[in-house]
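The chain contents come next:
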Amino acid sequence: MSSQIITRFAPSPTGYLHIGSARTALFNWLYARGRGGKFLLRIEDTDRARSTPEATQAIFTGMDWLGLDYDGEPVTQFERAVRHADVAHELLAAGKAYKCFSSQDEIAAFRDQARAAGRSTLFRSPWRDVEAANHPQGAYVVRIKAPQSGKTVIADQVQGDVTINNDQLDDMVLLRSDGTPVYMLAVVVDDHDMGVTTVIRGDDHLNNAARQMTIYHAMGWQIPVWAHIPLIHGSDGKKLSKRHGALGVDEYHAMGYSAAAMRNYLARLGWAHGNDEFFTDAQAQEWFGFGGIGKSPARFDFKKLSKLSGQHIATTDDAALLHELQAFLAVTGAPKLSDQTAAQMLSAMYCLKERARDFAELIDKAQFILAETPITPDVKAQSTLDNTGISILHELTPHLQNVTWTRDDLERVTSQIAETRGIGFGKIAAPIRAALAGRTATPSVFDMMLVLGRQDTIARLTDISAKEITD
RNA sequence: GGCCCGUUCGUCUAUCGGUUAGGACGCCAGGUUUUCAACCUGGAAAGACGAGUUCGAUUCUCGUACGGGCUGCCA
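Here goes a summary of the coordinates provided. None of these values were measured; they are calculated from a predicted model. Along every chain, residues carry numbers that run from 1 in the direction the sequence is written. Going through the entries in the order they are written, you letter the chains from A and number the ligands from 1. For a predicted model such as this one, the threshold for reporting local features is a pLDDT of at least 70, and the threshold for listing and counting side-chain atom pairs is 80 or more; totals across whole chains, interfaces and linings nevertheless cover every residue. Values reported for side chains reflect all heavy atoms of the structure, with hydrogen atoms and water molecules removed beforehand.

Before going further, it helps to spend a moment on helix α4 (residues 104–116). For α4, spanning 13 residues, the distance from its first C-alpha to its last is 18 Å, which sits close to the expected 18 Å at 1.5 Å a residue. Strands here mean DSSP runs of E at least two residues long; helices mean DSSP runs of H or I at least four residues long; both are numbered from the N terminus. Looking one or two places after α4, you find Gly 118, whose phi comes out positive at around 75 degrees. In this analysis, the expected span of each helix is defined as 1.5 Å times one less than the number of residues it contains.

Here it is as structure tokens:
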């Protein structure tokens, strides 16, 4: 028997990978990876009506983007339905579960009455202790016999010991009247069969844990370590929904955030390690533990995500950034970079990455590489190309023919013009910027010159100054 | 309705009975500057409320308020 930690992420395919689910996945991943354990993936698709191959694919795609790698092949819960049903039948045979012939209509009517009268809506099946000889023909569900007195204590790693009076527990359904297993049974069986030692999941399952314990006890299985983490809320403190912005992780990818930053931000949302804010995966894995998990729901803050994204982009190596940039372009449907453009992007990355918070911004700052020539200045850039601006370009161009193409020499040549004219360097840079990029917000003019090279730089300057003359 | 959980600056959080209640994002002011960004310095900004325990409560207990969850033949 090994003491290896085994965690799992068990999303249901609902169309996209929810950002809150992604954080749950991250926590499980961090916990397992930081302890040399295994991290498994299980698709909870027992609800056939809501499960589609596309939705399942969206989970894989999201996990892949976030870099949350899992061990082995993903388990599909639906494929294990026979095993789940076997367990239910085993409990039935052992007298720990029973056939309930109450119809859904009967139960619904009971609940309506109970609610109206202000009583508990907990349904007590009249069939719990009826002998088989007295069973009618017809459809039935299989219900577990839950304890009706005493207390159940959930030893939760985040919430502490949570005590539930057993009179709150219902005899939950294990098998539907068509014989298919329900989720509550499937999770328990799968977690047990997969050897899951530690379950980190949303605290919407906290109450369910008490009910699931009934199954564990009935089967004589060991209960996993549970950690129920608070949900993520929208900026108004309400449950995160569409009106708060993006729900699916694919949307965050399309917005251009760095995947490393997503991991960093999501980890920090509801978990803390002292005052550490910016950290690597290795650090997160080393530091992550139950002690640092908060008990209250956290609100999603795009501003902070942005900041972290910028920091991660600035500290990621250039080649990796080019890769991530190309993946970003692919999800947004933008055309692929040509080999030449990609090479220029790579050579410019050192200056692009320290001024971009996300890949959309990075592309924007790289406009001088991507724009078609001849450059067409926008309105603001055009305003720097007055007579003075044009004359600066005229004066500079010949110098660029002979100067060695290094930053020092380019700076020297350009500064000389500023000096002789007795104006600030900014006045010189503005028209150059306009000519090279056609806009006013760009990397340093010297960075652009170095990336573009002598030929292209001079061509752009002459394009502009020539055009102005003919106007 | 019943049961369960939560509540520190606007936001994410540190604190594990004794602190001028710390950090980060954002915001404001200043600096640097070649535009944008980045960066540097400074500033405003918090213990939901009410009791109790204690020499001493943000921290422990109870109540109230507010928020969230569960209460399905959904997951």
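On we go from here.
On to the protein's contact with RNA strand B. Taken together, 62 residues are adjacent to RNA strand B, and Arg 111, Arg 176, Arg 355, Arg 433 and Phe 446 come closest. Sugar plus phosphate: this is where 66% of the atoms of RNA strand B within 4 Å of the protein reside. Distance and chemistry together define a polar contact, namely a pair of N or O atoms within 3.5 Å, with one atom able to donate a hydrogen and the other to accept it when in protein, and with adjacent residues in sequence counting only for side-chain atoms on both sides. Side-chain polar atom of Gln 159 to a sugar or linking oxygen of RNA strand B: 3.2 Å apart, as the coordinates give it. Ser 177 is positioned with one of its side-chain polar atoms (N or O) 3.0 Å from a base oxygen of RNA strand B. One heavy atom within 4 Å of a molecule or strand makes the whole residue count as near it.

This paragraph deals with the layout of surface pockets. Cavities and pockets were defined on a 1 Å grid built over protein atoms only: a cavity is a set of grid points that admits a 1.4 Å probe from which the probe cannot escape, a pocket is an open set flanked by protein on both sides within 12 Å along at least five of seven lines, and lining residues are those with an atom within 4 Å of any such point. Grid points are joined across faces, edges and corners, and a volume is the space filled by probe spheres set on the points. Its volume calculated, the largest pocket comes out at about 1000 Å³. Considering the residues around the largest pocket, the lining is formed by 38 residues, among which Ala 10, Ser 12, Ser 21, Asp 204 and His 205 are closest to the centre. At the level of elements, β1 (6–9), α1 (19–33), α5 (183–193), β9 (198–202) and β11 (232–233) are the ones that each hand at least two residues to the lining of the largest pocket. Note on residue categories: nonpolar means Ala, Val, Leu, Ile, Met, Phe, Trp, Tyr, Cys or Pro, charged means Asp, Glu, Lys or Arg, and polar means any other residue, Gly included. Split by residue class, the lining of the largest pocket holds 15 nonpolar, 13 polar and 10 charged. In this structure, the second largest pocket occupies an estimated 380 Å³ of space. Together, 15 residues line the second largest pocket, and Gln 104, Val 141, Arg 143, Val 173 and Arg 176 are the ones closest to its centre. If you list the elements that add at least two residues to the lining of the second largest pocket, you get α4 and β5 (141–144).

Next up on the list: the environment of Trp 221. Here Trp 221 lies in the loop between α6 (206–219) and β10 (225–229). Spatially, the C-alpha atom of Trp 221 lies 9.5 Å from that of Val 189, the residues being 32 residues apart in sequence. Should any heavy atoms of two residues lie within 4.5 Å, those residues are counted as being in contact. Dropping the residues within four chain positions of it, Trp 221 is found in contact with Arg 83, Val 87, Val 188, Val 189, His 192 and Tyr 216. For Trp 221, the side chain forms a polar contact with the side chain of His 192, separated by 3.4 Å.

Before going further, it helps to examine the packing of helix α11 (residues 318–332) against helix α12 (residues 339–352). Here α11 crosses α12 at 125 degrees, and the two axes come no closer than 9 Å. When the axes of α11 and α12 are compared, the pair comes out oblique. Where α11 crosses over α12, the handedness of that crossing is right-handed. Residue-level contacts link Asp 318, Ala 319, Leu 321, Leu 322, Leu 325 and Gln 326 of α11 to Ala 342, Met 345, Leu 346, Met 349 and Tyr 350 of α12. Here the contact of α11 with α12 is composed, by residue class, of nine nonpolar, one polar and one charged. In this description, a line fitted to the C-alpha atoms serves as the axis of each element, helices being fitted only across the stretch in contact, and the angle between N-to-C directions of two axes falls anywhere from 0 to 180 degrees. Here is the rule for angles: anything less than 35 degrees is roughly parallel, anything more than 145 is roughly antiparallel, 65 through 115 is roughly perpendicular, and the remaining ranges are oblique. Crossing handedness follows the turn of the near helix against the far one: under a right angle anticlockwise gives a left-handed crossing, and clockwise gives a right-handed one.

Once that is clear, we can look at empty space enclosed by the protein. Considering all chains together, one arrives at one cavity of 30 Å³ or more under this definition. A volume near 40 Å³ is recorded for the largest cavity. The wall of the largest cavity is formed by Leu 26, Leu 30, Ala 260, Arg 263, Asn 264, Ala 267, Phe 279, Thr 280, Asp 281 and Ala 284. The set of elements that each furnish at least two residues to the lining of the largest cavity consists of α1, α8 (259–268) and α9 (281–287). Looking at the lining of the largest cavity, the element that brings in the most residues is α8, giving four residues. Of the residues belonging to the lining of the largest cavity, the class tally is six nonpolar, two polar and two charged.

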